[in-house]
Amino acid sequence: MPSRERPFLALGLRLVAMAMLSTMLVLVKLTGERGMPLPETMFWRQTLPALMLLGWLGARGQLHRLRTARPWVHFRRAMIGTAGMFLTLGVVQILPLAEATVLGFTAPVFAVILSAFLLKERVGPWRWTAVAMGLLGIVIIAGPNQTHLPALGVAVGVGAAFMVALVSIQLRDLGRTEEPLTVVFYFSAMSAPFLALFLFRTGVHHDALGWLMLGGIGLAGLGAQLLMTAALRFGPVSSVIVMDYSQFGWATLWGWLVFAHLPPATTWIGAPIVIAAGLIIAWREHVRHRQQQPSPPTASAMA
């Protein structure tokens, strides 16, 4: 059976997904400044994509594409993903976009730690060095003298990165049997009812601009999620996650254009260290993947 691995397609999908994700985070930050509660933003973020996918599949007579033999795996991914989304969206309402984005780049670091302690995977000196570099980068960016970064925001950002690492492993597993559309639909459809419980306490009235922002969050989030899931279908986490670092450029640009914020020198020093740590991890994962591939048969063996 031919391999489904298509590395360049996976990288391209992830790159476009990062642009859409950055746009969504800008809108989330703007809705927070307008007083919209985060649980309500998350509800519409999940409900709109689920309804759009359901309507699109229904109109095409393709509802059968939502059939799955792994409902409990989807449910587990939805619950963990909802917790991760709360942290990922919450941190951009606490911290500047660039700093919140850099903290998210520590996801590969936590993926290594998870693989070592939960999966009992052997981690060599290269990847442990990368873990140390990632943690050093966090210390530089969020050191005790950085008064512009509240401790709560840093904790939320690190927690979000941890959840991203956990979700990425789940998505890779689901991608082996489910198409991206199915994974995205069940994540949205299973988490929306849970988030609806908070509307009775947090729901507020919105004007036309507010609804446009919520619609933009839903559309951008749907596009980013489909592309991110598709990328993991065509390439391993260790490879496609490299494209996530392009989000720092988008976050810095949006932060400057929309919020008149440019990162301080400590962020520019710490960010390359965090990014370098992630690149080392991705490189070592690529090396390990190639070493695990069976060697091609020699001419004598085929004779």
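Residues numbered from 1 in each chain as written. Predicted model: local features only at pLDDT ≥ 70, side-chain atom pairs only at ≥ 80, totals over all residues. Heavy atoms only, no water.

Colleague: What is the right way to read the overall build of the chain from this model?
Modeller: Scanning the chain from N- to C-terminus turns up 14 helices and zero strands. Out of the 303 residues in the chain, the part that is buried amounts to 50%. Contacts in the chain between residues at least 24 apart in sequence constitute 88% of all its contacts with a sequence separation of at least 6. On the chain, roughly 14800 Å² of surface is accessible, and the fraction owed to carbon and sulfur atoms is 70%. (Helix = DSSP H or I, 4+ residues; strand = E, 2+ residues; numbered from the N terminus. Buried < 20%, exposed > 50% of the residue type's maximum accessible area, 1.4 Å probe, protein only. Contact = heavy atoms within 4.5 Å. Areas by Shrake-Rupley, 256 points an atom, 1.4 Å probe, with all protein chains shown as cover.)

Colleague: Mind showing me how you'd approach the pattern of salt bridges here?
Modeller: Oppositely charged side chains may form a pair once their charged atoms are brought near each other. One pass over the full model with this rule turns up two salt bridges. Of the charged contacts, one joins Arg65 and Glu179 as a salt bridge, the two residues approaching to 2.6 Å between their closest N and O atoms. Placement of Arg65 in the loop between α2 (38-59) and α3 (71-94) and of Glu179 in the loop between α7 (151-174) and α8 (180-196) is noted, with a sequence separation of 114 residues between them. A relative accessible area of 24% places Arg65 in the partly exposed class. Overall, Glu179 belongs to the partly exposed group, its relative accessible area being 24%. (Salt bridge = Lys/Arg side-chain N within 4 Å of Asp/Glu carboxyl O.)

Colleague: What's the story with unusual backbone geometry in this structure? I'm lost.
Modeller: Leave glycine aside and you will find that most residues have negative phi; peptide bonds, for their part, are mostly trans. Non-glycine residue Ala260 carries a positive phi angle of around 55 degrees. Residue position: Ala260 is located in the loop between α12 (246-259) and α13 (265-292).

Colleague: Where do I start with the packing of helix α1 (residues 7-33) against α12 in this structure?
Modeller: Two numbers describe a pair of packed helices, the interaxial angle and the distance between the axes. In the contact formed by α1 and α12, the axes pass within 9 Å of each other and the chain directions differ by 35 degrees. Considering the relative orientation of α1 and α12, their crossing is right-handed. Residues Leu15, Met18, Ala19, Leu21, Ser22, Thr23, Leu25, Val26, Lys29, Leu30 and Glu33 of α1 pack against Ser246, Gln247, Trp250, Trp254, Val258 and Phe259 of α12. Considered class by class, the residues forming the contact of α1 with α12 number eleven nonpolar, four polar and two charged. (Axes fitted to C-alpha atoms, helices over the stretch in contact; angles between N-to-C directions. Left-handed = near helix turned anticlockwise from the far one by under 90°. Nonpolar A, V, L, I, M, F, W, Y, C, P; charged D, E, K, R; others polar.)

Colleague: Explain α8 to me, please; I cannot follow it from the model alone.
Modeller: In an α-helix there are 3.6 residues to a turn, and that puts residues three or four apart on one side. Its 17 residues place the ends of α8 24 Å apart at the C-alpha level, agreeing with the 24 Å of an ideal helix rising 1.5 Å per residue. Most of α8 sits out of view: twelve of its 17 residues are buried. All of the buried residues along α8 are Pro180, Leu181, Thr182, Val183, Val184, Phe185, Tyr186, Phe187, Ser188, Ser191, Ala192 and Leu195. (Expected span 1.5 Å × (residues − 1).)

Colleague: Just checking my understanding: could you explain the packing of aromatic side chains for this structure?
Modeller: Two descriptors summarise a pair of aromatic rings, namely the distance from one centre to the other and the angle between the planes of the rings. Counted under the stated rule, the structure contains eight aromatic pairs. For the ring pair Trp72 and Phe75, a centre distance of 5.9 Å and an interplane angle of 85 degrees mean the geometry is edge-to-face. Placement of both Trp72 and Phe75 in helix α3 is noted, with a separation of three residues, approximately one turn of the helix. Consider the rings of Phe105 and Tyr245, whose centres lie 4.9 Å apart with planes at 80 degrees: the pair is edge-to-face. (Phe/Tyr/Trp six-rings, centres within 6.5 Å; stacked < 30°, edge-to-face > 60°.)

Colleague: How should I be thinking about the packing of α1 against α3 in this particular structure?
Modeller: Across the interface, α1 lies against α3 with an axial gap of 9 Å and an inter-helix angle of 60 degrees. When the axes of α1 and α3 are compared, the pair comes out oblique. In the packing of α1 onto α3, the handedness of the crossing is right-handed. Where α1 approaches α3, its residues Met24, Leu25, Val28, Lys29, Thr31 and Gly32 are matched on the opposing element by Thr88, Leu89, Val92 and Gln93. Its residues assigned to classes, the contact of α1 with α3 comprises five nonpolar, four polar and one charged. (Parallel < 35°, antiparallel > 145°, perpendicular 65-115°, else oblique.)

Colleague: Whenever I open this one, the nonpolar core confuses me. Can you help?
Modeller: Nonpolar side chains tend to gather and get buried jointly when the protein is soluble and globular. Among the nonpolar cores identified, the biggest contains 39 residues, and Met24, Leu25, Leu89, Val92 and Leu97 are the most heavily contacted of them. If one sorts the elements of this core by residue count, α1 sits on top with eight residues. Setting aside anything within four residues of it in sequence, one finds Met24 in contact with Arg45, Leu89, Ile217, Ala220 and Gly221. In terms of nonpolar packing, the next biggest core, distinct from the first, is built from 13 residues, Ala10, Ile80, Leu174 and Ala231 among them. (Core = buried A, V, L, I, M, F, W, Y, C linked by side-chain atoms within 4.5 Å.)

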